[in-house]
Amino acid sequence: MKIALPVDSNSRETGICPSFGRAPYFLIYETETKKSTFIDNSAIASQGGAGIKAAQVIIDQGATILITPRCGENAAEVITAAGIKIYKSASDSVADNIAAFTQGKLTVLEEIHPGLHRHGAN
Amino acid sequence: MGPTKMKIAVLSGKGGTGKTFIAVNLAAAAQNATYLDCDIEEPNGHLFFKPANLQSEKVTVGIPFVAEKLCTGCRQCVEFCRFNALAYANNKLLIFDEVCHSCGGCILFCPEQALTEKAKVIGEVQRGISENVTVLTGMLNTGEPSGVPIIKKLLEKTATDDGLAVIDCPPGSACVVMESIRDADYCLLVAEPTLFGLHNLQMVWELVRLFEKPYGVVLNKCLDGDNPAEEFCREKQLKVLAKIAFDADLGRLNSNGIIAFRANQKYQKQFAQLLQAITREVQHETAVNP
């Protein structure tokens, strides 16, 4: 099973990024091998629709779980269409969140915010 | 002076400067005019004109529609769309109508012809009559990404009209403003006597020069004392066609939705003179730059 988390940098010390769509990287954690990989979020420079594109990125990585502090409605629509479950991150630490998830301590993200659309509107 | 066929665009770098006030009164001052409210996100010229015999027409844009049986999941459309209006999840193409900018690229690129265009209403154009003025109002539905198609429709509707057309532009200098001034014969820049007003004047001044439009300035809400916008006009030799004084009576007329030209002799005279001055400028321009 692959878990995706939005993160601020591609280093081991990185914290969780407060934005899903415009997170610079995604950390993909493989539960069987316990290996982590960093993926560039190509959506970060998008003029609009970043959440939709970021969702596409984690779908294409084969993630089945997303742990994130927040998620917009368009992104959530794509993510749930792909059958990915969204959990709310409990702290800023990647390791703590993965541990909490495996212990069944994370809750499903209920609050899907309306898009922060028109960031780079014309 | 007889009716001259010309299109005047009234613009400013920010809202609340007096574009609608100037545009409405200029149209009222002509023998026969069309007033176009291109401030499609919040058109308010109709509040002054209260046009009768309203007719409205919906404005639509084309957005993609997928025939799921034909889609093979190649994702060329997803990769093409720079607005990220498409995604592919669980063997299904998802289309986000409100993110789509109607460029039509996805439909062109689809190798399976699985995407076709469907019409989506984004707003409407209203047409009505107020004495000597035909009033055209563009209205964009909330949440739509771009009002340019509505402005195109408004301008299309005036193409055949004779007489004066006054284009009340949206504030700022973005795409919707560019579309509004594209066919204008003359641009009228409205400015307030503040530093912020000066900044906004510079923005639209840059725009009209970029479009190589003849232009003039109206200094609105003038008070005694410093007027940074006026100083700028003097320094850069921008032609000032009118100075309108800050006037509580005028504020009262405006806030009651009364057209100053039709209700007050002082403004009747001032706007008749402004219209004459613009007409002279346009005729001069046509003679110098045919």
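Remember, it's a predicted structure, so these values are computed and weren't measured experimentally. (Residues numbered from 1 in each chain as written. Chains lettered and ligands numbered in written order. Predicted model: local features only at pLDDT ≥ 70, side-chain atom pairs only at ≥ 80, totals over all residues.)

*Asks:* Explain the overall build of chain A to me, please; I cannot follow it from the model alone.
*Replies:* A tally of helices and strands in chain A yields three helices and five strands. Overall, chain A shows an N-to-C arrangement of helices and strands of β-β-β-α-β-α-β-α. For 122 residues, the compact-globule estimate of 2.2 N^0.38 gives 14 Å, and chain A sits close to it at 13 Å. Projecting the C-alpha coordinates of chain A onto the three principal axes gives extents of approximately 45 × 30 × 25 Å. A burial count over chain A gives 40% of its 122 residues as buried. Partitioning the contacts of chain A with sequence separation of at least 6, the portion at a separation of at least 24 is 46%. (Helix = DSSP H or I, 4+ residues; strand = E, 2+ residues; numbered from the N terminus. Rg over C-alpha atoms; globule rule 2.2 N^0.38 Å. Buried ≥ 20, exposed ≤ 12 C-beta atoms within 10 Å, placed from the backbone. Contact = placed C-beta atoms within 7 Å.)

*Asks:* Hey, could you run me through the overall build of chain B in this one?
*Replies:* Within chain B one finds eleven helices and eleven strands. Dimensions along the principal axes, computed over C-alpha positions, put chain B at roughly 70 × 45 × 40 Å. Per-residue burial for chain B yields a buried fraction of 46% across its 290 residues. Contacts spanning at least 24 positions in sequence make up 75% of the contacts within chain B whose residues lie at least 6 apart.

*Asks:* How do you make sense of the interface of chain B and chain A when you look at a structure like this?
*Replies:* Interface size is commonly expressed as the accessible area that is lost once the parts come together. At the interface, 16 residues of chain B touch 19 residues of chain A. Secondary-structure elements contributing two or more residues to the side of chain B that touches chain A are β4 (86–89) and β5 (92–95) of chain B. Among the residues forming the side of chain B that touches chain A, the class breakdown is eleven nonpolar, three polar and two charged. (Nonpolar A, V, L, I, M, F, W, Y, C, P; charged D, E, K, R; others polar.)

*Asks:* Help me understand the domain arrangement of chain B, please; the structure alone is not making it clear to me.
*Replies:* Taken domain by domain, chain B consists of domain 1 (6–58 + 124–288) and domain 2 (68–113). The C-alpha centroid of domain 2 of chain B is placed 40 Å from the C-alpha centroid of domain 1 of chain B. (Domains from an automatic or database assignment.)

*Asks:* How should I be thinking about the packing of helix α7 (residues 195–210) of chain B against helix α8 (residues 228–236) of chain B in this particular structure?
*Replies:* How two helices pack is summed up by the angle between their axes together with the distance between the axes. Residue and element names in this part refer to chain B. In contact at an axis separation of 7 Å, α7 and α8 are set at 40 degrees when each is read in the N-to-C sense. Of the possible angle classes, the one that applies to α7 and α8 is oblique. Taken together, the residues of α8 that come into contact with α7 (itself represented by Leu 195, Gly 197, Leu 198 and Leu 201) are Pro 228, Ala 229 and Phe 232. Here the contact of α7 with α8 is composed, by residue class, of six nonpolar, one polar and no charged. (Axes fitted to C-alpha atoms, helices over the stretch in contact; angles between N-to-C directions. Parallel < 35°, antiparallel > 145°, perpendicular 65-115°, else oblique.)

*Asks:* Before we go on, may I ask you to explain the sheet that holds strand β1 (residues 2–7) of chain A in this structure?
*Replies:* Residue and element names in this part refer to chain A. Taken in spatial order, the five strands make up an open sheet running β3-β2-β1-β4-β5, and their pairing is mixed. The open sheet terminates on both sides in strands that have one partner only, identified here as β3 (35–40) and β5 (85–88). The average undirected angle you get between the axes of adjacent strands in this sheet is 25 degrees. (Pairing = 2+ DSSP bridges.)

*Asks:* What is the right way to look at unusual backbone geometry in this model?
*Replies:* Residue and element names in this part refer to chain B. We note that Lys 50 has phi near 45 degrees; this positive angle belongs to a residue other than glycine. Summarising the element assignment, Lys 50 is placed in the loop between α2 (45–49) and β3 (52–66). Phi is positive for Arg 75, close to 70 degrees, though the residue is something other than glycine. Within the secondary structure layout, Arg 75 lies in the loop between β3 and α3 (76–80).

*Asks:* Help me out: how do you make sense of the environment of B:Phe261 in this one?
*Replies:* Residues and elements named next belong to chain B. By the element assignment, Phe 261 lies in helix α10 (residues 260–263). Overall, Phe 261 belongs to the buried group, with 24 C-beta atoms counted inside 10 Å. For the pair Phe 261 and Phe 65, spaced 196 residues apart in sequence, the C-alpha to C-alpha distance is 50 Å. Apart from the residues lying within four places of it in its own chain, the contact partners of Phe 261 are Asn 25, Ala 28, Ala 29, Tyr 267, Gln 268 and Phe 271.

*Asks:* Can you help me understand the nonpolar core in this one?
*Replies:* Considering soluble globular proteins, one finds that nonpolar side chains tend to be buried as a cluster. Residue and element names in this part refer to chain B. Ranked by internal contacts, the top residues of the largest apolar core, which has 125 residues, are Ile 8, Val 10, Ala 27, Tyr 35, Val 166, Leu 188 and Leu 189. Residue contributions to this core peak at eight residues, all from helix α1 (residues 19–29). Looking at which domains feed residues into this core, each of domain 1 (6–58 + 124–288) and domain 2 (68–113) gives three or more. Excluding anything up to four places from it in sequence, Ile 8 contacts Leu 26, Val 166, Ile 167, Ala 184, Asp 185, Tyr 186, Leu 188 and Ile 278. (Core = buried A, V, L, I, M, F, W, Y, C linked by C-beta atoms within 7 Å.)

*Asks:* Sorry if this is basic, but what is going on with the sheet that holds strand β11 (residues 240–245) of chain B here?
*Replies:* Within a sheet, adjacent strands bond to each other through the backbone by hydrogen bonds, running parallel or antiparallel. Residue and element names in this part refer to chain B. As summarised here, the arrangement of the nine strands in space is β3-β6-β7-β2-β8-β1-β9-β10-β11, forming an open sheet in which the pairing is mixed. The outermost strands of the open sheet, each flanked by one partner alone, are β3 and β11. Each strand of the sheet is rotated relative to its neighbour by a mean of 20 degrees, with strand direction disregarded. By the bridge criterion, five bridges tie strand β2 (residues 33–37) to strand β8 (residues 164–168) in an arrangement that is parallel. Pairing of Ala 33 across the sheet is with Leu 164, part of β8. Where helix α11 (residues 265–288) meets the sheet, it contacts β1 (6–11), β9 (186–191), β10 (215–222) and β11, and its direction lies at approximately 165 degrees from that of β11.

*Asks:* How do you make sense of helix α5 (residues 148–158) of chain B when you look at a structure like this?
*Replies:* Because each turn of an α-helix spans 3.6 residues, side chains separated by three or four positions end up pointing in the same direction. Taken residue by residue, α5(B) has B:Val148, B:Pro149, B:Ile150, B:Ile151, B:Leu154 and B:Leu155 as its buried positions. On its buried face, α5(B) is in contact with β2, β3, β6 (115–130), β7 (133–140) and α6 (175–181) of chain B.

*Asks:* Which parts of the structure should I look at to understand the confidence of the model for chain B?
*Replies:* In low-pLDDT regions, the fine details of the predicted coordinates are not to be read closely. Model confidence for chain B is summarised by a mean pLDDT of 94, while 98% of its residues fall at 70 or above. For this predicted complex, the interface confidence comes out at an ipTM of 0.88, alongside a pTM of 0.80. (pLDDT = per-residue confidence, 0-100.)

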